[in-house]
Amino acid sequence: MEKKQIAIIGAGISGLLACKYCLSKGFDPIVFEFESDVGGVWIKTIKTTRLQLPKVMYQFSDFPWPPSITDVFPNQQQVLDYIRSYATHFNLMPHIKFHSRVKGITYDGPSSDTWSLWNGTGEAFPPQGKWNVTVENTQTATTQVYTVDFVILSLGRFKDVPKLPDFAVGKGPEVFRGQRIHSSEYSAMDHDKAAEFVKGKKVVVVGFGKTGLDIARECASANGPEHPCTILYRRDHWKLGDWFPWGIPLYSLPIAKYDMVPQYSVLQDVSTGLITYMPNPENFFKAVEKGSIKLKKSQSCRFYDQGILIEEDNTQIETDLVIFATGFDGVGKLKSIFESPTFGHFIAGTPRVSLYRETIHPHIPQLAIIGYTESSSSLYMSEMRCRWLAALLDGVFKLPNVKEMKKDITRWDEYIKQASGEFHHLSTICSLEIWYNDQLCKDMGMNPMRKKGLLANVFEPYGPLDYAEK
Ligand SMILES: Cc1cc2nc3c(=O)[nH]c(=O)nc-3n(C[C@H](O)[C@H](O)[C@H](O)COP(=O)(O)OP(=O)(O)OC[C@H]3O[C@@H](n4cnc5c(N)ncnc54)[C@H](O)[C@@H]3O)c2cc1C
Ligand SMILES: NC(=O)c1ccc[n+]([C@@H]2O[C@H](COP(=O)([O-])OP(=O)(O)OC[C@H]3O[C@@H](n4cnc5c(N)ncnc54)[C@H](OP(=O)(O)O)[C@@H]3O)[C@@H](O)[C@H]2O)c1
């Protein structure tokens with residue numbers, strides 16, 4: 001039988017895992033990667049980036065961290081080296097085309113509007129239907145179209161397309177005399193250059209996610225209180241310290257003193273993944289105490305010629321540089337890869353990216369999305385999904401009919417809504433991941449009880465190694 005051709009877009013952890021599991025089923029996938037290296041977001045980050053969770057939770061099930069890495073929270077270079085060695089160990093490199101930007105994909109096949117089974121058959125490879133993948137080689141500036149039987153999108157959510165706030169005309173950066181950048185521009189600089197860039201400048205960092213927090217700390221250590229860095233943000237989320245005896249975060253942060261108590265429950269912030277890990281919290285609060293970091297909460301702001309004006313109380317924050325650490329437009333990136341607006345709308349037309357098993361859209365043929373839905377450890381979630389997908393591609397199981405798939409998606413939407421409240425649209429399943437994994441295991445014919453003995457299954461935490469193939 002003719003071998004089916006699979007295209008994988010992206011060589012971050014999700015794309016590498018997809019490649020490895022496709023190879024394990026005898027496919028010969030081709031991976032397109034825009035960068036010159038594997039690792040996605042880990043290729044280049046700001047200096048202080050480390051894993052946000054202990055490394056036991058961020059590892060490949062069949063390729064544990066080497067014993068030479070003794071840090072519980074490895075730094076960016078260590079994570080990148082680990083990802084690279086995974087790609088080398090499983091011989092994934094020959095399958096990757098670097099400097100290859102996928103400009104768009106188009107489907108050539110029957111309409112999916114009225115089918116009752118995904119692809120018309122419930123299987124991954126129907127008798128008709130191909131994707132055309134248009135790829136630009138960024139070194140030679142040439143374009144080639146690849147025709148394939150299946151596409152796996154592993155484009156990532158936190159890279160490439162910055163999300164910037166909108167401002168009314170006359171209130172935006174055009175009226176500001178200083179500089180304004182997105183955090184991705186700061187991350188792209190060499191570490192010394194980044195420190196030099198902020199040196200001696202009064203900085204406002206907009207956004208208090210992990211990137212905003214880290215950049216503000218770097219500015220504070222470069223400048224001290226003479227040139228303070230202001231973090232301007234809309235709402236508080238829970239921050240975790242880095243003292244984890246027996247896996248329990250025990251450092252108590254003085255958040256009440258600095259008016260940083262979130263209006264959300266810890267459980268909700270855990271469920272949405274909005275809880276932030278704050279390494280060396282004592283240093284952060286010392287910087288706040290000294291005035292090197294200032295915290296300002298506000299729902300609306302605008303630019304004026306010298307800086308930022310807070311509209312609620314008319315405070316003017318004079319500044320030389322504004323850094324928007326306001327995240328990325330992951331949905332927009334996903335949507336724009338489809339040349340057909342219909343497929344794009346399937347992705348972006350609902351409050352969250354709603355997929356069957358967080359992977360398949362019932363009306364998008366011969367295509368899977370890996371790594372969009374986040375969890376507390378994206379690596380192990382992507383690995384489970386890739387295993388599940390490879391089993392589907394291999395015909396180990398079939399998908400239920402479209403009506404059943406949609407019912408299941410709606411059910412999961414409800415669970416996620418209950419767990420994530422107003423942040424439902426973030427498509428995060430942190431508090432549901434064991435349950436979710438149980439479903440994947442059952443589909444693949446694997447026992448979801450991965451540990452020996454009932455007590456262990458009920459009381460011991462689950463992690464990536466529990467799902468290693470036995
Ligand atoms: C700084 C930072 C730190 C993080 N730390 C953690 C952490 O500690 N724990 C955790 O669980 N998660 C963390 N995350 C979340 C992180 O996104 C995931 O852990 C994971 O690395 C994502 O992998 P991915 O392969 O899904 O996406 P990415 O790493 O984003 O990889 C996507 C790849 O696709 C490529 N690509 C995109 N579009 C195209 C195109 N059109 N053509 C060709 N190639 C394309 C990109 O170049 C990229 O290499 C972090 C994210 C960031 C930004
Ligand atoms: N391992 C690490 O050390 C590390 C380092 C950096 C990043 N990361 C990860 O990378 C991912 C991206 O992180 P990120 O911090 O870049 O982005 P993010 O988590 O999306 O945070 C964006 C921040 O910007 C704010 N924001 C968004 N739009 C805004 C607007 N229009 N006006 C004002 N504020 C706005 C958000 O506030 P609201 O809450 O009010 O929306 C939030 O505080 C996350 O998963 C993060 O955990 C990890």
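Residues numbered from 1 in each chain as written. Chains lettered and ligands numbered in written order. Predicted model: local features only at pLDDT ≥ 70, side-chain atom pairs only at ≥ 80, totals over all residues.

A. View of the overall build of the protein. When its secondary structure is counted, the protein shows 13 helices and 18 strands. Computed over its C-alpha atoms, the radius of gyration of the protein comes to 23 Å, within 12% of the 23 Å expected for a compact globule of 470 residues. For the protein, with 470 residues in total, the buried portion stands at 38%. Within the protein, contacts between residues separated by at least 24 positions form 72% of all contacts whose residues are at least 6 apart in sequence. (Helix = DSSP H or I, 4+ residues; strand = E, 2+ residues; numbered from the N terminus. Rg over C-alpha atoms; globule rule 2.2 N^0.38 Å. Buried ≥ 20, exposed ≤ 12 C-beta atoms within 10 Å, placed from the backbone. Contact = placed C-beta atoms within 7 Å.)

B. Broad picture of unusual backbone geometry. Positioned with a positive phi, Ala141 is a non-glycine residue whose angle comes to about 55 degrees. Not every positive phi belongs to a glycine, and Asp160 is a case in point at roughly 80 degrees. The topology assignment puts Asp160 in the loop between strand 7 (150-153) and strand 8 (179-182). Residue classification places Asp160 among the partly exposed positions, given that 17 C-beta atoms sit within 10 Å.

C. Here's a closer look at the sheet that holds strand 6 (residues 142-148). Pairing is antiparallel across the open sheet formed by three strands, whose spatial order is 4-5-6. A strand with exactly one partner marks an edge of an open sheet, and here the two such strands are strand 4 (100-108) and strand 6. Within this sheet the neighbouring strands show an average axis-to-axis angle of 20 degrees, counted without direction. Relative to strand 5 (residues 130-137), strand 4 runs antiparallel, the two being bridged by eight bridges. The residue of strand 5 that forms the bridge with Ser100 is Asn137. (Pairing = 2+ DSSP bridges. Axes fitted to C-alpha atoms, helices over the stretch in contact; angles between N-to-C directions.)

D. Representation of the environment of Pro365 in the model. Along the chain, Pro365 falls in the loop between helix 9 (341-348) and strand 18 (367-369). When the 25 C-beta atoms within 10 Å are taken as the criterion, Pro365 is described as buried. Sequence-distant contacts of Pro365, that is, excluding residues within four places in its chain, are made with Tyr107, Gly109, Ser112, Asn119 and Gly129.

E. Layout of the domain arrangement of the protein. Domain annotation of the protein identifies domain 1 (5-159 + 329-467) and domain 2 (173-324). Distance from the C-alpha centre of domain 1 to the C-alpha centre of domain 2: 31 Å. Counting residues at the interface gives 22 residues for domain 1, matched by 20 residues for domain 2. Each residue belonging to the side of domain 1 that touches domain 2 can be placed in one class, and the counts come to nine nonpolar, nine polar and four charged. (Domains from an automatic or database assignment. Nonpolar A, V, L, I, M, F, W, Y, C, P; charged D, E, K, R; others polar.)

F. Focus on the site of ligand 1. Surveying the vicinity of ligand 1 reveals 33 residues, the closest of which are Gly10, Gly12, Gly40, Gly156 and Gly371. Elements supplying a minimum of two residues to the shell around ligand 1: helix 1 (13-24), strand 4 and helix 10 (378-393). For the shell around ligand 1, a count of residues per class yields 14 nonpolar, 14 polar and five charged. (Near = placed C-beta within 6 Å.)

G. Geometry of the nonpolar core. Grouped together as the largest cluster of nonpolar side chains are 72 residues, with contacts concentrated most on Leu16, Ala18, Ile83, Val151, Ile152 and Leu389. With 10 residues, helix 10 is the largest single contributor of residues to this core. Discounting chain neighbours no more than four positions away, the residues touching Ala18 are Ile8, Ile152, Ser154, Ile370, Cys386 and Leu389. Core analysis: the second largest hydrophobic core is formed by 37 residues, Val204, Val206, Ala287 and Ile293 among them. (Core = buried A, V, L, I, M, F, W, Y, C linked by C-beta atoms within 7 Å.)

H. The arrangement of helix 1 in detail. Between its first and last C-alpha, helix 1 extends 16 Å over 12 residues, near the 16 Å set by a 1.5 Å rise per residue. Most of helix 1 sits out of view: 10 of its 12 residues are buried. Listed in full, the buried residues belonging to helix 1 are Ile13, Ser14, Gly15, Leu16, Leu17, Ala18, Cys19, Lys20, Tyr21 and Cys22. Those residues of helix 1 hidden inside the fold are in contact with strand 1 (6-9), strand 2 (30-32), helix 2 (76-89), strand 7 and helix 10. Gly26 sits one or two positions beyond helix 1 and adopts a positive phi of about 90 degrees. (Expected span 1.5 Å × (residues − 1).)

I. Spotlight on helix 9. The set of residues buried in helix 9 consists of Phe343, Phe346 and Ile347. On an axial view of helix 9, the arc spanned by its buried residues comes to 95 degrees, and they lie on one face. Along helix 9, the residues that are exposed and aim more than 90 degrees away from the buried face are Pro341 and His345. Where helix 9 is buried, its residues touch helix 8 (330-336). (Arc of directions from axis to C-beta.)

J. Up close: the sheet that holds strand 1. Spatial ordering of the open sheet is given by 3-2-1-7-18, a layout of five strands whose pairing is parallel. Strands at the two margins of the open sheet, each flanked by one partner only, are strand 3 (96-97) and strand 18. As paired strands, strand 1 and strand 2 are joined by three bridges and run parallel to one another. Counterpart to Ile8 in the pairing with strand 2 is Val31.

K. Main features of the site of ligand 2. Not every one of the 22 residues close to ligand 2 is listed here, only the nearest: Pro165, Gly207, Gly209, Thr211 and Gly327. Taken together, the residues of the shell around ligand 2 break down into seven nonpolar, nine polar and six charged. Taken together, domain 1 (5-159 + 329-467) and domain 2 (173-324) each give at least three residues to the shell around ligand 2, which thus spans both.

L. Just the pairing of strand 1, in detail. Neither face of strand 1 is left uncovered, since the one carrying Ile6 and Ile8 and the one carrying Ala7 and Ile9 both have all their residues buried. Two strands pair when backbone bridges link them, and strand 1 and strand 7 are joined in this way by four bridges, in the parallel orientation. Considered in strand 7, the bridge of Ile6 is made with Phe150. Considered for its hand, the β-α-β crossover made up of strand 1, helix 1 and strand 2 is right-handed. (Right-handed = clockwise from strand over helix to strand, strands pointing away.)

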